Amino acid sequence: MQSSLVLQNLLSAPVLFFFLGILGVLVGSDLEIPSPLPKLFSLYLLLAIGFKGGMELAHSGLGPQVLLTIGAAVTMSLLVPLTSFLLLRLRLDGYNAAAIAASYGSISAVTFITAESFLNVLEVNFDGFMVAALALMESPAIVVGVILAKLSAPADDVETPGDQENGGDQENGGTSLRWREVLQEAFLNGSVYLLIGSLVIGYVVAAFSPAGLEKMDPFTEKLFYGALCFFLLDMGIVAAQRLRDLRQTGAFLIGFSLLAPPVHALVGLLVSAMLGLGQGNTLLFMVLCASASYIAVPAAMRMTVPQANPSLYISTALGLTFPFNVVIGIPLYMALTRHFIPVG
Amino acid sequence: MQSSLVLQNLLSAPVLFFFLGILGVLVGSDLEIPSPLPKLFSLYLLLAIGFKGGMELAHSGLGPQVLLTIGAAVTMSLLVPLTSFLLLRLRLDGYNAAAIAASYGSISAVTFITAESFLNVLEVNFDGFMVAALALMESPAIVVGVILAKLSAPADDVETPGDQENGGDQENGGTSLRWREVLQEAFLNGSVYLLIGSLVIGYVVAAFSPAGLEKMDPFTEKLFYGALCFFLLDMGIVAAQRLRDLRQTGAFLIGFSLLAPPVHALVGLLVSAMLGLGQGNTLLFMVLCASASYIAVPAAMRMTVPQANPSLYISTALGLTFPFNVVIGIPLYMALTRHFIPVG
Amino acid sequence: MQSSLVLQNLLSAPVLFFFLGILGVLVGSDLEIPSPLPKLFSLYLLLAIGFKGGMELAHSGLGPQVLLTIGAAVTMSLLVPLTSFLLLRLRLDGYNAAAIAASYGSISAVTFITAESFLNVLEVNFDGFMVAALALMESPAIVVGVILAKLSAPADDVETPGDQENGGDQENGGTSLRWREVLQEAFLNGSVYLLIGSLVIGYVVAAFSPAGLEKMDPFTEKLFYGALCFFLLDMGIVAAQRLRDLRQTGAFLIGFSLLAPPVHALVGLLVSAMLGLGQGNTLLFMVLCASASYIAVPAAMRMTVPQANPSLYISTALGLTFPFNVVIGIPLYMALTRHFIPVG
Amino acid sequence: MKRIDLFLSERELNRVCKAITAAGAKGYSVMRHVTGMGPSGEISEGMDFSGLGANAHVVVFVEDALLAAVGKALRPLLKRYGGVGFVSSAEPL
Amino acid sequence: MKRIDLFLSERELNRVCKAITAAGAKGYSVMRHVTGMGPSGEISEGMDFSGLGANAHVVVFVEDALLAAVGKALRPLLKRYGGVGFVSSAEPL
Amino acid sequence: MKRIDLFLSERELNRVCKAITAAGAKGYSVMRHVTGMGPSGEISEGMDFSGLGANAHVVVFVEDALLAAVGKALRPLLKRYGGVGFVSSAEPL
Ligand SMILES: Nc1ncnc2c1ncn2[C@@H]1O[C@H](COP(=O)(O)O)[C@@H](O)[C@H]1O
Ligand SMILES: Nc1ncnc2c1ncn2[C@@H]1O[C@H](COP(=O)(O)O)[C@@H](O)[C@H]1O
Ligand SMILES: Nc1ncnc2c1ncn2[C@@H]1O[C@H](COP(=O)(O)O)[C@@H](O)[C@H]1O
Ligand code: NA
Ligand code: NA
Ligand code: NA
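Residues numbered from 1 in each chain as written. Chains lettered and ligands numbered in written order. Predicted model: local features only at pLDDT ≥ 70, side-chain atom pairs only at ≥ 80, totals over all residues. Heavy atoms only, no water.

A few points about the overall build of chain A
Thinking step 1. The secondary structure content of chain A amounts to 17 helices and 0 strands.
Thinking step 2. Relative to the 2.2 N^0.38 estimate, which gives 20 Å for 344 residues, the radius of gyration of chain A is 20 Å and therefore close to what a compact globule would have.
Thinking step 3. Taking the principal axes of the C-alpha coordinates as reference, chain A spans close to 60 × 50 × 40 Å.
Thinking step 4. Within the span of chain A, comprising 344 residues, buried residues form 65% of the whole.
Thinking step 5. In chain A, of all internal contacts separated by at least 6 residues, the share reaching a separation of at least 24 is 88%. (Helix = DSSP H or I, 4+ residues; strand = E, 2+ residues; numbered from the N terminus. Rg over C-alpha atoms; globule rule 2.2 N^0.38 Å. Buried < 20%, exposed > 50% of the residue type's maximum accessible area, 1.4 Å probe, protein only. Contact = heavy atoms within 4.5 Å.)

What follows is the structure, given as structure tokens:
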């Protein structure tokens with residue numbers, strides 16, 4: 001069964017376009033999606049997934065299982081950075097370990113969306129509130145990452161007032177103000193803000209002016225699958241370009257970025273079983289735990305932990321963990337789900 | 001009734017996304033729609049609204065009421081700049097008064113589109129020929145604005161031939177040629193040209209090859225509502241950024257930009273009643289009178305009246321009048337319409 | 001009959017938007033589609049046409065007629081450059097003759113797409129495997145063009161090893177390596193790669209996970225006609241801008257770019273008749289022969305035959321041959337098809 | 001040679017380019033979608049679609065002898081429509 | 001006058017622009033979507049959508065007297081977040 | 001230090017960047033979607049999607065000692081494919 005799931009995933013349009021992108025880089029094609037078109041697709045996908053999630057949340061309501069699941073997801077986004085940090089610290093300095101740990105505590109929306117498409121093809125149900133879980137897992141991981149980085153900073157690296165003056169960083173008069181910046185990066189960075197905002201709007205429209213839902217449908221629902229294919233074509237190109245950077249990454253990090261996903265997915269499976277989630281929600285929960293952020297978290301880490309090397313956390317999350325999850329992870333997690341989680 | 005209309009408007013997807021954009025700027029999110037994506041949406045909306053309007057015009061034909069309504073709209077776009085100019089001249093110099101007056105004589109296509117969406121949700125009918133009125137209101141206002149600016153120019157500010165030589169402005173040998181430039185800006189600037197062109201194409205296709213209409217439908221009709229939401233998200237961001245500029249604008253202009261819309265809308269209501277328009281067309285006519293241009297007119301004023309300060313006419317039209325109309329104006333005008341215009 | 005076909009073509013939405021673009025440049029409108037939006041539409045059209053073609057290829061299978069037709073198309077893309085070269089060599093140097101010949105041996109995907117839309121409106125059937133023919137006609141023409149250029153190079157223009165060193169062109173150690181570059185340009189340039197890749201993906205998805213086809217449909221099928229209109233608007237602008245360059249082109253090349261299409265189309269008609277193709281496939285085959293490349297071939301010629309003047313091959317293919325085919329050629333070829341090819 | 005850098009609204013771009021050519025320069029380069037701040041306020045990327053437009057950056061390399069002519073052609077345009085221009089020295093590579 | 005050219009990640013753009021204004025410069029220009037290579041690796045256009053972002057190019061023309069102040073404000077930012085800055089001479093057109 | 005400014009077709013960009021790195025430069029910056037006019041005609045934004053492509057602007061800051069090597073690597077490419085290159089002086093900020 002598992003191998004047929006892998007095949008079904010490999011032969012789906014989104015994954016094939018992802019391969020097309022990867023292959024293009026490997027064989028030396030000059031195919032590229034010029035900037036800012038990838039941004040257009042990334043904004044579109046966040047808006048659409050948020051809106052649809054909010055819409056379904058309005059239908060399902062905020063019952064106890066919904067709240068429990070969301071709570072479990074947020075807890076995972078706090079715990080995964082901690083355990084990852086301890087492991088990464090074996091080989092990396094505190095800054096890099098903290099930044100990478102934050103990335104793996106957080107999520108990749110495109111991996112989540114690809115998993116949803118996969119469930120759609122398999123005709124397995126899942127719930128809109130999983131998008132709420134997705135939306136709420138970015139910020140905690142960022143906050144934990146920053147705390148870990150500060151805690152592991154050498155004593156003399158704490159910024160002195162003089163430093164801050166020179167830095168021209170007008171907003172930071174002291175530690176408390178520094179926190180404002182961290183929270184801003186964690187909760188207000190563009191992608192988190194758009195996702196949560198669209199979720200709220202989807203909820204409000206579904207609750208108060210349902211006539212609008214049908215009019216949004218061609219944009220947020222019908223177009224979605226094709227736009228995902230187009231974006232995955234670009235993701236394939238970018239992921240393959242990042243693969244080249246892995247030379248400087250080292251075997252330890254490569255191992256981490258390929259082993260962390262299935263391990264975190266297994267923990268996600270356990271939690272899902274305890275929560276009594278259905279098969280579809282379980283797969284999505286596993287994917288949330290297994291995936292790593294290459295948009296919101298890197299943007300935040302770059303600003304708040306500039307000592308860490310961005311190419312380490314971007315290359316692992318985007319060049320290895322993302323392809324692993326999209327190509328092998330999703331069908332693998334689905335096979336586990338089918339084995340351990342009873343149908344409906 | 002009125003308050004329920006306001007709520008119905010506030011809770012619609014386009015207005016909610018507009019708020020999301022505004023809020024993003026206010027709370028300091030770094031969400032942005034990078035250039036030239038807003039241009040893509042703005043071109044798309046003009047093409048789609050023009051095409052649909054032309055299509056419906058072909059169905060309804062060019063009867064006397066159509067011509068009367070369009071004539072009334074064009075008249076408004078000539079009169080509004082005159083009265084606005086007289087008022088604005090109380091506090092502003094002639095150049096700035098003329099440029100702002102032109103902006104308010106012209107229209108905002110996005111406000112019009114948002115009003116159409118609102119009517120769709122309320123299931124109130126309106127006619128395609130209103131788009132023709134929209135398309136024909138931009139150019140006259142520009143021409144009037146330039147004339148007003150020239151008339152109020154101090155005698156010594158008239159350009160001497162020597163100036164023109166130095167300016168390297170090869171096209172202008174004298175006053176008559178200067179006019180060619182004004183007319184070009186008025187009738188051939190990109191957004192006017194695309195709107196009118198798409199209107200004509202919609203008309204021709206509906207009249208001569210109706211098989212094409214159905215094939216255009218997914219692009220021009222189905223996608224429209226979602227694309228409007230996306231664009232209004234950006235409009236919210238831009239409007240909020242402009243709000244910051246209002247410090248230099250002064251109380252007089254702020255008052256003008258919030259009071260002119262309802263006053264002009266009332267005049268529009270009167271004219272609509274005299275023309276015997278239905279409720280839907282009346283709302284659209286009011287919105288045409290009430291809205292102010294931040295694309296075609298500013299572009300033309302910038303070239304033909306460079307003495308005026310662009311941030312004055314852009315900030316008022318985009319930062320105040322546009323949000324006012326989209327959020328409060330449209331439902332307010334609808335309530336008035338319902339009160340004074342008989343159904344069907 | 002023929003004149004009614006011309007009218008039906010002229011009054012279709014895509015051709016009207018093409019005219020709107022041309023007219024805009026002629027009357028001096030500042031309408032423009034800012035970069036990289038044209039690239040977005042061009043990538044989208046290639047992806048969609050490839051996917052749909054592959055899908056239909058999976059349904060029709062790779063029977064003998066399919067293979068024969070594709071073989072004939074590839075042969076045309078090898079022969080047309082040879083005959084064109086001999087003709088062009090009468091007036092042009094070898095480099096320019098070779099580059100232009102390559103362009104006319106290859107194809108224009110947008111011309112092909114416009115012909116497909118025309119067939120759709122006429123409700124004439126055609127087959128998906130014609131897209132495979134389209135995809136396979138770019139590379140051979142490029143290879144032939146490069147060979148012709150090398151053969152006609154003056155003896156002293158062959159690069160010496162020293163030249164290559166100075167050129168910093170690390171990849172080229174000798175003739176064999178130079179070939180790698182040519183083949184890379186021919187088979188792996190972005191547009192060829194995307195078209196063939198999408199074709200393969202469409203085939204694979206149709207064959208192995210047909211559930212995905214319906215989900216792609218809104219993106220690749222429904223949106224297609226409108227996106228084509230939008231892109232042709234830009235093509236009109238660009239073609240008209242290129243028209244200005246024709247002053248330096250000379251009467252000989254202008255004559256070539258207007259006479260080559262119908263002549264090549266006639267050869268295509270003959271071949272189609274011999275192959276026993278239906279009316280739809282015959283029109284498409286004629287269009288493949290008649291059209292000239294302004295994307296893949298120029299990109300390749302620029303790199304491999306830098307001695308040729310790009311504005312010659314781009315301006316003729318884009319400024320004359322493309323508009324000729326879209327406006328007059330397609331209905332003309334259709335009239336010939338109807339005359340010589342039996343229905344069904 | 002001299003290098004001229006102009007920053008101005010993309011609305012005026014056409015005129016400026018024509019003036020540059022008319023003054024005898026052999027070439028120029030244009031970068032669009034430029035944002036910035038100057039005497040007349042801030043220009044953000046968000047204004048690109050509006051009638052205000054974003055800025056453009058024009059670079060012109062000219063022989064020393066041509067500088068005066070190009071400067072004479074451009075200064076009135078910059079004065080009339082806004083924008084700034086600067087000159088520095090450069091040599092062909 | 002002096003011309004300052006900065007190349008840095010667009011993530012830090014806001015801070016850099018604030019620092020430039022705070023140091024007293026009257027204007028600046030920004031070009032986005034810049035790619036490139038530097039001590040900390042290659043930045044390709046493909047990363048524009050990711051959290052890494054592309055680069056930005058900032059140009060500031062200042063009076064000679066202001067150079068020191070702007071440099072003092074910018075150097076710590078470049079040191080902290082990466083990016084490079086160069087100065088050359090220029091004159092108003 | 002020296003500042004090198006190159007304007008060339010984006011088609012040749014890859015080769016030029018490789019040549020810059022191979023010549024020993026530590027970094028460079030690239031701006032795409034550049035339009036302009038030069039000896040071989042006008043390049044407009046509309047050609048971006050076509051096989052002609054738009055231009056690119058490459059900026060390289062190098063130590064004086066490296067200028068010769070970079071120039072030697074780039075001149076043949078500019079000669080072969082078209083494009084222009086200029087050098088001026090600059091100092092680190
Ligand atoms: N000192 C400066 N350095 C760099 N760019 C400038 C400077 N002053 C103005 N600019 C640019 O010129 C544009 C137009 O300036 P202005 O219209 O005079 O405010 C601004 O938006 C900036 O992009
Ligand atoms: N020598 C150089 N010349 C031109 N641009 C450079 C140079 N060094 C670095 N840069 C630019 O500065 C950016 C940031 O550099 P960094 O973060 O220090 O690697 C690079 O991506 C380049 O765009
Ligand atoms: N004098 C110049 N000043 C600035 N840019 C130039 C100049 N000459 C050429 N260019 C740029 O270099 C590009 C390529 O030039 P070319 O291919 O030699 O015509 C042009 O399209 C311009 O962008
Ligand atoms: Na995770
Ligand atoms: Na108005
Ligand atoms: Na051909």
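Next comes the rest of the description.
As for the overall build of chain D
Thinking step 1. Within chain D, the secondary structure is distributed over 2 helices and 6 strands.
Thinking step 2. Tracing chain D from N to C terminus, the helices and strands come up as β-α-β-β-β-α-β-β.
Thinking step 3. The C-alpha radius of gyration of chain D comes to 13 Å, within 12% of the 12 Å expected for a compact globule of 93 residues.
Thinking step 4. For chain D, the C-alpha atoms occupy an extent of roughly 40 × 25 × 20 Å along the three principal directions.
Thinking step 5. Scored against the burial criterion, the 93 residues of chain D give a buried share of 68%.

Considering the site of ligand 2
Thinking step 1. Neighbouring ligand 2 are 17 residues; E:Pro39, E:Ser40, E:Asn55, F:Ser29 and F:Phe61 lie closest to it.
Thinking step 2. Residues near ligand 2 are shared among chains E and F, making this a multi-chain site.
Thinking step 3. One of the backbone nitrogen or oxygen atoms of E:Gly83 is found 3.4 Å away from an oxygen atom of ligand 2.
Thinking step 4. Here ligand 2 has 490 Å² of accessible area as a free molecule, and 93% of this is covered by the chains.
Thinking step 5. Only strand S2 (28-38) of chain E together with strand S2 (28-38) and strand S4 (55-62) of chain F provide two or more residues apiece to the shell around ligand 2.
Thinking step 6. Per-element tally for the shell around ligand 2: the top contributor is S2(E), with 4 residues. (Near = heavy atom within 4 Å. Polar contact = N/O pair within 3.5 Å; in protein donor to acceptor, adjacent residues only side chain to side chain. Areas by Shrake-Rupley, 256 points an atom, 1.4 Å probe, with all protein chains shown as cover.)

Description of the site of ligand 1
Thinking step 1. Around ligand 1, the structure places 17 residues, and the nearest of them are D:Pro39, D:Ser40, D:Asn55, E:Ser29 and E:Phe61.
Thinking step 2. In this structure, D:Pro39 approaches ligand 1 through a main-chain N or O atom, which is 3.2 Å from an oxygen atom.
Thinking step 3. One nitrogen or oxygen atom from the side chain of D:Asn55 is found 2.7 Å from an oxygen atom belonging to ligand 1.
Thinking step 4. Contact with the protein chains removes 93% of the 480 Å² of surface that ligand 1 exposes when unbound.
Thinking step 5. Those elements giving two or more residues to the shell around ligand 1 turn out to be strand S2 (28-38) of chain D together with S2 and strand S4 (55-62) of chain E.
Thinking step 6. When its residues are assigned to classes, the shell around ligand 1 shows 9 nonpolar, 8 polar and no charged. (Nonpolar A, V, L, I, M, F, W, Y, C, P; charged D, E, K, R; others polar.)

Re the relation of the copies chain B and chain A
Thinking step 1. Aligned on chain A, chain B shows an RMSD of 0.0 Å; the corresponding rotation is 120° and the shift along the axis is 0.0 Å. Here the transformation between the copies is reduced to the relation of a three-fold axis.
Thinking step 2. Comparing contact sets, just 13% of the residues at the interface of chain B also lie at the interface in chain A, consistent with a heterologous contact between different surfaces. (Least-squares fit on C-alpha atoms with pLDDT ≥ 70 in both.)

A look at the interface of chain B and chain A
Size of an interface: often given as the accessible area lost when the parts come together.
Thinking step 1. Counting residues at the interface gives 31 residues for chain B, matched by 28 residues for chain A.
Thinking step 2. Carbon and sulfur atoms supply 81% of the area that chain B and chain A bury against each other, a total of about 2500 Å² over both sides.
Thinking step 3. Connecting chain B to chain A are 0 salt bridges.
Thinking step 4. Where the side of chain B that touches chain A is concerned, the elements lending two or more residues are helix H2 (13-27), helix H3 (37-60), helix H6 (109-122) and helix H13 (224-243) of chain B.
Thinking step 5. Class assignment of the residues belonging to the side of chain B that touches chain A gives a composition of 21 nonpolar, 7 polar and 3 charged. (Buried area = accessible area lost by both parts, 1.4 Å probe. Salt bridge = Lys/Arg side-chain N within 4 Å of Asp/Glu carboxyl O.)

Observations regarding the interface of chain F and chain D
Thinking step 1. Between chain F and chain D, the residue contacts involve 25 residues of the former and 19 residues of the latter.
Thinking step 2. Both sides together, the interface formed by chain F and chain D hides about 1600 Å², and carbon and sulfur atoms give 63% of it.
Thinking step 3. Our count for the chain F to chain D interface comes out at 6 residue pairs in polar contact (both at pLDDT 80 or more).
Thinking step 4. Looking at the side of chain F that touches chain D, the elements that each hand over two or more residues are strand S1 (2-9), S2, helix H2 (67-81) and strand S5 (84-89) of chain F.

Here's the deal with helix H7 (residues 129-136) of chain B
Residues and elements named next belong to chain B.
Thinking step 1. Most of H7 sits out of view: 7 of its 8 residues are buried.
Thinking step 2. All buried positions along H7 are accounted for by Phe129, Met130, Val131, Ala132, Ala133, Leu134 and Ala135.
Thinking step 3. Tucked into the core, H7 has its buried residues touching H3, helix H4 (64-88), H6, helix H8 (138-151), helix H11 (190-208) and helix H15 (279-290).

Some thoughts on the pairing of S4(E)
Across a regular strand the side chains alternate sides, sitting on one face of the sheet and then on the other.
Residue and element names in this part refer to chain E.
Thinking step 1. With 8 of 8 residues buried, S4 lies mostly within the body of the structure.
Thinking step 2. Judged by which residues are buried, S4 turns out to be covered on both faces: Asn55, His57, Val59 and Phe61 on one side and Ala56, Val58, Val60 and Val62 on the other are all buried.
Thinking step 3. Bridge count for S2 against S4 is 4 bridges, and the pairing is antiparallel. Bridge pairing in S4 places Met31 opposite His57. (Pairing = 2+ DSSP bridges.)

Quick notes on the relation of the copies chain F and chain D
Thinking step 1. Mapping chain F onto chain D leaves a residual RMSD of 0.0 Å; the transformation is a rotation of 120° accompanied by 0.0 Å of translation along its axis.
Thinking step 2. Looking at chain F, a mere 12% of its interface residues are interface residues in chain D too, so the copies touch through different faces.

Observations concerning the coordination of the sodium ion (ligand 6)
Residues and elements named next belong to chain C.
Thinking step 1. Taken together, Tyr104 (O), Ser106 (O), Leu288 (O), Cys289 (O) and Ser291 (O) make up the full set of protein donors to the sodium ion (ligand 6), lying 2.5 to 2.8 Å away.
Thinking step 2. Sequence positions of the donors to the sodium ion (ligand 6) reduce to the motif Y-x1-S-x181-L-C-x1-S.
Thinking step 3. For Leu288, a relative accessible area of 1% translates into the label buried. (Donors = N, O, S within 2.8 Å, 3.2 Å for Na, K, Ca; no water.)

Here we look at a nonpolar patch on the surface
All names here are of chain A.
Thinking step 1. Together, Ile147, Leu151, Trp179, Leu183 and Phe187 make up an exposed nonpolar region whose accessible area comes to about 480 Å².
Thinking step 2. Those elements giving two or more residues to the nonpolar patch turn out to be helix H8 (138-151) and helix H10 (175-188).
Thinking step 3. The leading source of residues in the nonpolar patch is H10, at 3 residues.
Thinking step 4. Residue placement: Ile147 occurs in helix H8. (Patch = residues over 30% accessible without salt bridge, like charges linked within 9 Å, V, L, I, M, F, W, Y side chains within 5 Å.)

Considering unusual backbone geometry
Excluding glycine, a negative phi dihedral is what most residues carry, and trans is how most peptide bonds are arranged.
Thinking step 1. In this chain, B:Ser35 is followed by B:Pro36 through a cis amide linkage whose omega measures 5°.
Thinking step 2. Summarising the element assignment, B:Pro36 is placed in the loop between H2 and H3.
Thinking step 3. The backbone phi angle of A:Glu123 is positive, close to 60°, even though this residue is not glycine.
Thinking step 4. Mapping A:Glu123 onto the fold places it in the loop between helix H6 (109-122) and helix H7 (129-136).

Overview of the side chain of A:Thr114
Thinking step 1. Take A:Thr114: it is sitting in helix H6.
Thinking step 2. A polar atom in the side chain of A:Thr114 sits 2.6 Å from the backbone oxygen of A:Val110.

Some details on the packing of helix H12 (residues 211-222) of chain B against helix H13 (residues 224-243) of chain C
Thinking step 1. Across the interface, H12(B) lies against H13(C) with an axial gap of 6 Å and an inter-helix angle of 90°. Taken together, the axes of H12(B) and H13(C) lie roughly perpendicular to each other. Where H12(B) abuts H13(C), its residues B:Gly212, B:Lys215, B:Met216 and B:Phe219 lie against C:Tyr225, C:Gly226, C:Ala227, C:Cys229 and C:Phe230.
Thinking step 2. Considered class by class, the residues forming the contact of H12(B) with H13(C) number 6 nonpolar, 2 polar and 1 charged. (Axes fitted to C-alpha atoms, helices over the stretch in contact; angles between N-to-C directions. Parallel < 35°, antiparallel > 145°, perpendicular 65-115°, else oblique.)

Quick look at the confidence of the model for chain A
Thinking step 1. Confidence along chain A averages 90 in pLDDT terms, with 92% of residues attaining 70 or more.
Thinking step 2. A low-confidence stretch, residues 159-174 of chain A stays under pLDDT 50, and its non-local contacts, those more than four residues away or across chains, total 24 contacts. (pLDDT = per-residue confidence, 0-100.)

What to know about the pattern of salt bridges
Thinking step 1. With the rule as written, the count across this model stands at 27 salt bridges over all chains.
Thinking step 2. Across the pair D:Asp5 and E:Arg3 runs a salt bridge whose closest N-O atoms are separated by 2.7 Å. On the criterion of chain membership, the pair formed by D:Asp5 in strand S1 (residues 2-9) and E:Arg3 in strand S1 (residues 2-9) is interchain, its members lying in two chains. Comparing D:Asp5 with E:Arg3, the two get one shared label, buried.
Thinking step 3. Linked by salt bridges that have partners in common, D:Arg3, D:Asp5, E:Arg3, E:Asp5, F:Arg3 and F:Asp5 make up one network.

A word on the packing of aromatic side chains
Thinking step 1. This structure, assessed with the given rule, holds 34 aromatic pairs over all chains.
Thinking step 2. For the ring pair B:Tyr294 and B:Phe322, a centre distance of 5.5 Å and an interplane angle of 80° mean the geometry is edge-to-face. Of the two residues, B:Tyr294 sits in the loop between H15 and helix H16 (296-304) while B:Phe322 sits in helix H17 (residues 310-340), which places them 28 residues apart along the sequence. No difference in accessibility class separates B:Tyr294 from B:Phe322, as the two residues are buried.
Thinking step 3. Ring centres of C:Tyr44 and C:Phe219 lie 5.2 Å apart, and the angle between their planes is 85°; this geometry places the pair in the edge-to-face category. Residue C:Tyr44 is found in helix H3 (residues 37-60), and its partner C:Phe219 is found in helix H12 (residues 211-222); the two are separated by 175 residues along the sequence. (Phe/Tyr/Trp six-rings, centres within 6.5 Å; stacked < 30°, edge-to-face > 60°.)

So, H4(B)
Residue and element names in this part refer to chain B.
Thinking step 1. Under the 1.5 Å per step criterion, the end-to-end length of H4 is 36 Å for 25 residues, consistent within 8% with the ideal 36 Å.
Thinking step 2. Inspection of H4 places Val66, Thr69, Ile70, Ala72, Ala73, Met76, Ser77, Val80, Pro81, Ser84, Phe85 and Leu88 among the buried residues, and these make up the whole buried set.
Thinking step 3. The inward-facing, buried residues of H4 abut H3, helix H5 (94-105), H7, H8, helix H14 (251-275) and H15. (Expected span 1.5 Å × (residues − 1).)

Topic: the environment of B:Val182
Thinking step 1. With respect to the helices and strands, the residue B:Val182 is situated in helix H10 (residues 175-188).
Thinking step 2. With relative accessibility at 3%, the residue B:Val182 sits in the buried group.

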